[in-house]
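These are the residues of each chain, in order.
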Amino acid sequence: MHRLLMVAVVVIGVPVVAYLLLGRGHSAMSVDDVIKSSWATATPEWQARLSQDETQRVCSQYRNAPPPGLADAILAREKAAIKYPADGKLMGDWKRGEQLAQSGYGGRFTDYPPRTANGGNCYACHQMDGKELSFGTLGPSLREYGKIRKYGADDVKAVYERIYNPHATIPCANMPRMGTSGFLTIDQIKDLVAFVMSPESPVNK
Amino acid sequence: MRLRRSLASALACLVLVVPAAALDETEKELERYRQMLKDDPWSNPAMLDADRGEALWKEKRGPSNASLEACDLGKGPDKVEGAFAELPRYFRDADRVMDLETRLVWCMEKLQGLAHADIVKRPYSKANQAGTELEALATYVASKSRGLKYQPSLAHAKEKQALAVGEALFFRRQGPMDFSCATCHADTGRRIRLQSLPFLGKPEEARKVIGEWPAYRVSQGTVMTMQHRIADCYWQMRLPLIDYGSDATVALGMYLVNQAKGGEITAPSIKR
């Protein structure tokens, strides 16, 4: 019995101690210290951007491939963080949406005090209007996104949610949480939904 | 200089007029220019910075009226040749891992008696300005490792730790956009708008690009160092301005150099 206990202590204890001394616990603390000392001259208001929320923490730790339990927790938490327009209308003006898709303005320390509204910067990563040739490829092409989906109401809602908070659909998605972070307003997101989902939009021409 | 001007205007036209093919065309033009630079490295405007850096290295300056010739970049005092290929590394006198620029600041403080705050007050040149003193010095030292391959040391525990922290920082998502370095640099063949992005997690791709810095940037008309490159990425990630020579920049540099281990140093290179 005693021997069994000792074996158990060694089998469990040694890896636990090694983990604590050398493993993630130790290096995670060092990263936080390094972050703190490396932006020492930034103002406290700006330093706040360096601390992670739970979703950022888990997505960093698992390099965007969270285990199932944690993935479910992200889906639930981020889904709950989505706010919908009071009048229930999810589509705004596609022309304003097009301007937002083009604009990469906002959020950099050289963007303060704000000179204009924040942009969605969609073209940095996505193909949209076929005539716009300067598009990035970090995200999938959105050419004819609405047309392909026959402009379905469920798809309109899905696009709104994707822009507002993509982690509510894909845990640890690469795309920013434009609504939840407050980077874009609900009205701006509605305009972007219209740019993607309205039959008149050049995205669907 | 005429070469530089005509290349700059050719690039400007390409970027403005034909975005579809611009990526390929711009890259082709840059490749042609790089080939010309290989044939005649002195036609690279960054060599003016390297030249000025060499003069600064030898000039007696600061309250101590000393040159930087006694500066130990890791291979002993005044051993500039090949030093950059082994940085970042652990320095016993400072008891920390330092990259080239961090070490230059340390030597300016210790040998020349200059105040840290004054040295790092304006580390980066603005577009179309001559390189700053730090940029000139960094370009000079890096140019003395041209043709060598990166051989970062991991013998000291703090070097290993810097690499581990750098790797963690590379994948750390933070800020209002949830960005990490990996958001843009963790896949092959991707681009932002028309700008291609190197897959820095992949050694084959890291080896091609890391050794290019410090580099002359045609669009800016000035030299950009690795410290500046990293600070600019964090700016784009919507994070505050990172401190020059901070541990995070050194750790990230350590990660990148280890990814690029065995890659040839072509600095000062030429970039968009």
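Residues numbered from 1 in each chain as written. Chains lettered and ligands numbered in written order. Predicted model: local features only at pLDDT ≥ 70, side-chain atom pairs only at ≥ 80, totals over all residues.

## Overview of the overall build of chain B
Convention followed: The way it works is that DSSP assigns letters per residue, a run of H or I at least four long becomes a helix, a run of E at least two long becomes a strand, and they are numbered from the N terminus. Every radius of gyration here is taken over C-alpha atoms, with the globule rule written as 2.2 Å times N^0.38, N being the number of residues. Field definition: a residue is buried when 20 or more other C-beta atoms are found within 10 Å of its C-beta, exposed when 12 or fewer are, and partly exposed for counts in between, with C-beta atoms placed from the backbone. We call two residues in contact whenever the C-beta atoms placed from their backbones are within 7 Å.
In terms of regular secondary structure, chain B is built from 11 helices and 7 strands. Expected size for 272 residues packed as a compact globule is a radius of gyration near 19 Å; at 18 Å, chain B falls within 12% of this value. In terms of its C-alpha atoms, chain B occupies a principal-axis envelope of roughly 55 × 40 × 35 Å. Scored against the burial criterion, the 272 residues of chain B give a buried share of 46%. Long-range contacts, defined as pairs at least 24 residues apart, comprise 67% of the intrachain contacts of chain B with a sequence gap of at least 6.

## Points about the interface of chain A and chain B
Many descriptions give the size of an interface as the accessible area lost when the pieces come together. As a reminder, the rule being used: Residue polarity follows a fixed list, in which Ala, Val, Leu, Ile, Met, Phe, Trp, Tyr, Cys and Pro are nonpolar, Asp, Glu, Lys and Arg are charged, and the others, Gly among them, are polar.
In this complex, chain A contributes 36 residues to the contact, which on the side of chain B involves 36 residues. Listing elements by their share of the side of chain A that touches chain B, those giving two or more residues are helix 2 (24-38), helix 3 (44-47) and helix 4 (54-61) of chain A. Among the elements that take part in the side of chain A that touches chain B, helix 2 of chain A stands out by supplying 7 residues, more than any other. A class-by-class count of the residues in the side of chain A that touches chain B yields 17 nonpolar, 15 polar and 4 charged.

## Topic: helix 4 of chain A
All of the buried residues along helix 4 of chain A are Thr55, Gln56, Val58, Cys59 and Ser60 of chain A. Looking at the buried residues of helix 4 of chain A, the elements they touch are helix 5 (68-80) of chain A together with helix 7 (157-171) of chain B. Of the residues trailing helix 4 of chain A, Arg63 of chain A is marked for its positive phi of about 50°.

## Some thoughts on the confidence of the model for chain B
Operational definition: A residue's pLDDT is the predictor's confidence in that residue, given on a scale from 0 to 100.
For chain B, the average pLDDT comes to 90, and 91% of its residues sit at 70 or higher. Considering only residues more than four positions removed or in separate chains, one finds that residues 1-20 of chain B, a stretch of pLDDT under 50, has 21 contacts.

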